[in-house]
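# Examining the three-dimensional arrangement
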Amino acid sequence: MRNDMVLRVVGKLLIPFILMFALYVQFHGDFGPGGGFQAGTIVAAAIIFYAIIYGLNTARRVLPDWIVESMIAIGVLLYIGVGFAGLLLGGNFLDYFVLDSDPVVGQHRGIFWIELGVAITVFGVLLKIFYLFARRGPN
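Residues numbered from 1 in each chain as written. Predicted model: local features only at pLDDT ≥ 70, side-chain atom pairs only at ≥ 80, totals over all residues. Heavy atoms only, no water.

### Observations regarding the overall build of the protein
Selection rule: Put simply, DSSP marks the helices as runs of H or I at least four residues long and the strands as runs of E at least two long, and each gets a number from the N terminus on. Three exposure classes are used, based on accessible area relative to the maximum for each residue type with a 1.4 Å probe and protein chains only: buried under 20%, partly exposed in between, and exposed over 50%. Contacts were defined at the residue level, with two residues in contact if any of their heavy atoms lie within 4.5 Å.
When helices and strands are tallied, the protein shows five helices and zero strands. In terms of principal-axis extent, the alpha carbons of the protein reach across some 60 × 30 × 20 Å. Within the protein, buried positions represent 35% of all 139 residues. Intrachain contacts of the protein at a sequence separation of at least 6 include 61% that bridge at least 24 residues.

Structure below.
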């Protein structure tokens, strides 16, 4: 598909909007359907779409394996870090109310960081799975 000019142009036009939609889903997940898992999946789908159009090697130059693997670890550490922050501030594990003097603000702050950790982890895992399967090539 590298030589298909129409697909390349449409991909360049669509991918930014797909990523913007992922941000919308991420930041409006507490008001409606969406959140970290859905946003991470949408971002991974955008990068997979990019890899299908421009080739796996090009996508791996944009997001190499070490970055993808680091994102998996960073997302999990962010999730766990929010949980331990609640413990250190005198609450329970993943107790968001203690993250701010105002419990409502603390709740929003905790959910934001948890959902961001989930999005980063899901994006990294899905992209790593795609890289592993795509690398196998035809049998």
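### Focus on the confidence of the model for the protein
As a reminder of what qualifies: Values of pLDDT, which run from 0 to 100, indicate the predictor's confidence residue by residue.
In the predicted model, the protein carries a mean pLDDT of 89, and the fraction of residues at 70 or more is 96%. For the protein, helix H5 (residues 103-136) is the element with the lowest average pLDDT, namely 91, and helix H2 (residues 36-54) is the one with the highest, namely 94.

### Thoughts on the nonpolar core
Keep this limit in mind: The set of buried Ala, Val, Leu, Ile, Met, Phe, Trp, Tyr and Cys residues whose side-chain atoms join them within 4.5 Å is what this entry labels a nonpolar core.
Counting residues in hydrophobic clusters, the biggest one holds 13 residues, and the most contacted among them are Ile47, Leu63, Val68, Phe123, Leu127, Phe130 and Tyr131. For this core, the secondary structure elements donating two or more residues are H2, helix H3 (56-62), helix H4 (65-88) and H5. If you tally residues by element for this core, the top one is H5, at five residues. For Leu127, the contacting residues outside a window of four places in its chain are Ala44, Ile47, Ile48, Leu63 and Val68.

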